[in-house]
Amino acid sequence: MHNIISSKSRCFFILLFASFNCGAQNVDINLLRDINLHRNRSLDGAMKAITNYDYPVSIAIPLCELIVGYAGNNKDAIMNCWQTVAGFAINGVITYGTRYAVNRPRPYVTYPDLQPYETYSDYSFPSGHASFAFCAATSISICYPKWYVIGPSYLWASAVGYSRLDLGVHYPSDVLAGAIIGAGSSWLAYKGKQWLRKKKKTKGLMAQ
């Protein structure tokens, strides 16, 4: 009797998970179809430009911090630079490690009715463009917590994420996962910098 109940319970949870997964997938592809198939094609060039400038803009942030730091002998700017670089490193490992572990095909491979602006040969989950954009936005927002920094930074990151949907190369869940990974990577780098500073300060006090 116990085995029968256990078996029925397992079946129930399997069916529940399958139904939830199916429903989530339907929402995912339906939202992508709505964005991609009804997009303003005259904006394809602009969306592609936003996508293309993602990595250069992200790289420019720590580079500018490094230049300002050394030019003005600003140790905080230099530390901010290495914090941003550390965030990118963490983000790259998690993003591409996850991508090749999950092996999710691009949406246009599974759903041929989509109209991608271009195609890629690699996997889809998570979005690398979204992860690096949100990693950069979070890092600069942590380093310079002013509304005129935070607002434009996340607006840019959101535009990058949306461009990946508009161009039909990622699911919404790919972009959302990328945003979470990117922001989380920057936060981990920030916490790591705090830990190093605390350790250095403690070591200095012990040496006195």
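The structure displayed is predicted, hence computed values, not measured ones. (Residues numbered from 1 in each chain as written. Predicted model: local features only at pLDDT ≥ 70, side-chain atom pairs only at ≥ 80, totals over all residues. Heavy atoms only, no water.)

### Looking at the side chain of S186
Convention followed: Helix and strand assignments follow DSSP, with helices taken as H or I runs no shorter than four residues and strands as E runs no shorter than two, numbered in order from the N terminus. Contact between two residues is taken to exist if any of their heavy atoms lie within 4.5 Å; hydrogens are not considered.
Topologically, S186 is positioned in helix 8 (residues 172-207). Residues contacting S186, with those up to four places away along its chain left out, are G87, C135, T138, S139 and I142.

### Some remarks on the state of the cysteines
To keep it simple, the criterion reads: Pairs of cysteine sulfur atoms within 2.5 Å are identified as disulfides in what follows.
In total, this model carries zero disulfides according to the counting rule given. Here C64 stays unpaired: no disulfide links it, and the sulfur of C81, its closest cysteine neighbor, is 9.9 Å away.

### Notes on unusual backbone geometry
The phi angle of most residues is negative, glycine excepted, and most peptide bonds adopt the trans form. What counts here: Burial here depends on accessible area, computed with a 1.4 Å probe over protein chains only, as a share of the maximum for the residue type. Under 20% is buried, over 50% is exposed, and the range in between is partly exposed.
Following F125, the chain continues to P126 via a peptide bond in cis, the omega torsion being -5°. For N73, which is not glycine, the phi torsion reads 50° and is therefore positive. Within the secondary structure layout, N73 lies in the loop between helix 3 (54-71) and helix 4 (75-102). In this structure N73 comes out as exposed when scored by relative accessible area, which is 66%.

### Some points on the pattern of salt bridges
We count it as follows: Salt bridges are counted wherever a side-chain nitrogen of Lys or Arg sits within 4 Å of a carboxyl oxygen of Asp or Glu.
On inspection of all chains with the given rule, the structure shows seven salt bridges. Across the pair R39 and D44 runs a salt bridge whose closest N-O atoms are separated by 2.9 Å. For the pair formed by R39 and D44, the shared burial category is buried. Linked through salt bridges whose partners overlap, the residues forming this network are D28, R104 and D174.

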